[in-house]
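Fold and geometry: a report
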Amino acid sequence: MIDHTGISVADFDRAKSFYDSAFAPLGASFLMMVPPEHTGGVKVGGYGRERPVFWLHEAAAGPGRHYAFTARSRSEVDAFYEAALAAGGRDNGKPGLRPHYHPDYYGAFVFDPDGNNIEAVCHAPPEETSR
């Protein structure tokens, strides 16, 4: 139902560096910077897989927002968590099952540099082991 969303970040370059690292394991990347003549000089840029769906907007930021991003596998959730921590995120829930949501809910939670709670979640059963 949501087409796209965005957050305010206090330091655009710091946030971009964090999200570049955190989104890489999910197959998402920085796709577009809006030209400054269309933003009044404010930095605005978007991330996605095929098109921008998650936007950063440089402005006064406030913590307390939550965003969950779809991972295609549990291993992507694990890689997201490790990349986000390595990029300066703070742990808010290690990768694992959250059966109180549903039996196959596998997620990981990290606070970004502005205090937003970001999550990668996979709703699929465990990956099949190759034989």
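Above this text is the structure in question.
Fair warning: this is a prediction, and the values are worked out from it, not measured in the lab. (Residues numbered from 1 in each chain as written. Predicted model: local features only at pLDDT ≥ 70, side-chain atom pairs only at ≥ 80, totals over all residues. Heavy atoms only, no water.)

**A look at the overall build of the protein chain**
The secondary structure content of the protein chain amounts to 2 helices and 9 strands. Mapped in sequence order, the helices and strands of the protein chain form the string β-α-β-β-β-β-α-β-β-β-β. Scaling as 2.2 N^0.38, a compact globule of 131 residues should have a C-alpha radius of gyration of about 14 Å, and the protein chain matches this with 15 Å. Principal axes of the C-alpha set define a box for the protein chain whose edges measure 55 × 30 × 25 Å. Residue burial in the protein chain is summarised as follows: out of 131 residues, 41% are buried. Within the protein chain, counting contacts between residues at least 6 apart in sequence, those at least 24 apart form 54% of the total. In the form shown here, the protein chain has an accessible surface area of approximately 7,200 Å², with 55% of it arising from carbon and sulfur atoms. Taking the average place of the 12 positive charges on the side chains of the protein chain and the average place of its 17 negative ones, the gap between the two points comes to 3 Å. (Helix = DSSP H or I, 4+ residues; strand = E, 2+ residues; numbered from the N terminus. Rg over C-alpha atoms; globule rule 2.2 N^0.38 Å. Buried < 20%, exposed > 50% of the residue type's maximum accessible area, 1.4 Å probe, protein only. Contact = heavy atoms within 4.5 Å. Areas by Shrake-Rupley, 256 points an atom, 1.4 Å probe, with all protein chains shown as cover. Lys, Arg positive; Asp, Glu negative; His and termini not counted. Charge placed at Lys NZ, Arg CZ, Asp CG, Glu CD.)

**Concerning the pairing of strand S5 (residues 66-70)**
Note on strand geometry: in a regular strand, side chains alternate between the two faces of the sheet. Side-chain alternation along S5 places Tyr 67 and Phe 69 on a buried face and His 66, Ala 68 and Thr 70 on a face that remains uncovered. In the sheet, S5 pairs with strand S9 (residues 117-122) via 5 bridges, with the strands oriented parallel. When the bridges of S9 are listed, Ala 68 appears paired with Glu 119. (Pairing = 2+ DSSP bridges.)

**Overview of helix H1 (residues 12-23)**
Helix length check: H1 (12 residues) gives 16 Å between terminal C-alpha atoms against 16 Å at 1.5 Å per residue, within 8%. Within the sequence span of H1, burial applies to Phe 12, Ala 15, Phe 18, Tyr 19, Ala 22 and Phe 23. Down the axis of H1, the buried side of the element spans an arc of 130 degrees, and every buried residue falls inside it. (Expected span 1.5 Å × (residues − 1). Arc of directions from axis to C-beta.)

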